[in-house]
Amino acid sequence: MLRSRSVTAQLDGATVTREVEKGCPQGGVLSPLIWDMVVHDLLLNLKKHNVSYSQGFADDLGLMNVGKYPNVICDHMNQSLKFVDSWCKKISLSVMQKRQRQFISLIKIV
């Protein structure tokens, strides 16, 4: 299931086929389980190091930091993102930069 996979694209009569070297098959029966097995370790490490609140869902990972000062929250989020990036590199994965989004929501409680 995870070996000898290829993907083919066709456009304007041209066809290109490439071997898939990483990732789980989209829609594969075991794909959610494989994702869980891999990301579970990351979620445990994030919790252990108290880096951020983290939540995995489907094939995504969400990180959240809460605090009183926006600059501290940003620093913690940057630490979290560096932690995730470092963890991914250790197991030969990468973070898709184009899908990575950050936003800050400020709520003042009086």
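By convention here, each chain's residues receive numbers from 1 onward along its written sequence. In view of the model being predicted, local features appear only for residues whose pLDDT reaches at least 70, and side-chain atom pairs are presented and counted only at 80 or more, with totals across whole chains, interfaces and linings using the full set of residues. Hydrogen atoms and water are omitted, and side-chain values are computed over all heavy atoms in the structure.

Here we take up the nonpolar core. Leu 42, Leu 46, Val 84, Trp 87 and Cys 88 form the largest nonpolar core, which has 5 residues in total. Among the elements of the structure, helix H1 (31-48) and helix H2 (70-90) are those that each provide at least two residues to this core. A run of H or I in DSSP counts as a helix once it spans at least four residues, and a run of E counts as a strand once it spans at least two, with each numbered from the N terminus. When residues in this core are grouped by element, the largest group, 3 residues, is from H2. Residue contacts are counted whenever heavy atoms from the two residues lie within 4.5 Å of one another. Not counting chain neighbours up to four residues away, the residues in contact with Trp 87 comprise Val 38, Val 39, Asp 41, Leu 42, Asn 45 and Leu 93. Residues grouped as a nonpolar core are buried Ala, Val, Leu, Ile, Met, Phe, Trp, Tyr and Cys residues, joined through side-chain atoms within 4.5 Å. Only protein chains enter the accessibility calculation, which uses a 1.4 Å probe; a residue whose area is less than 20% of its type maximum is buried, one above 50% is exposed, and one in between is partly exposed.

Our focus in this paragraph is the pairing of strand S2 (residues 14-20). When DSSP finds two or more bridges between a pair of strands, those strands are recorded as paired. Here 7 bridges tie strand S1 (residues 5-11) to S2, and the two strands are oriented antiparallel to one another. Each bridged residue has a counterpart across the sheet, and for Leu 11 the counterpart in S2 is Ala 14. The turn linking S1 back onto S2 is made up of 2 residues, and Asp 12 within it adopts a positive phi angle of 50 degrees.

With that out of the way, let us pick up the side chain of Ser 54. Tracing the backbone shows Ser 54 in strand S3 (residues 53-57). Beyond its immediate sequence surroundings of up to four residues, Ser 54 is in contact with Leu 43, Leu 46, Leu 61, Gly 62 and Leu 63.

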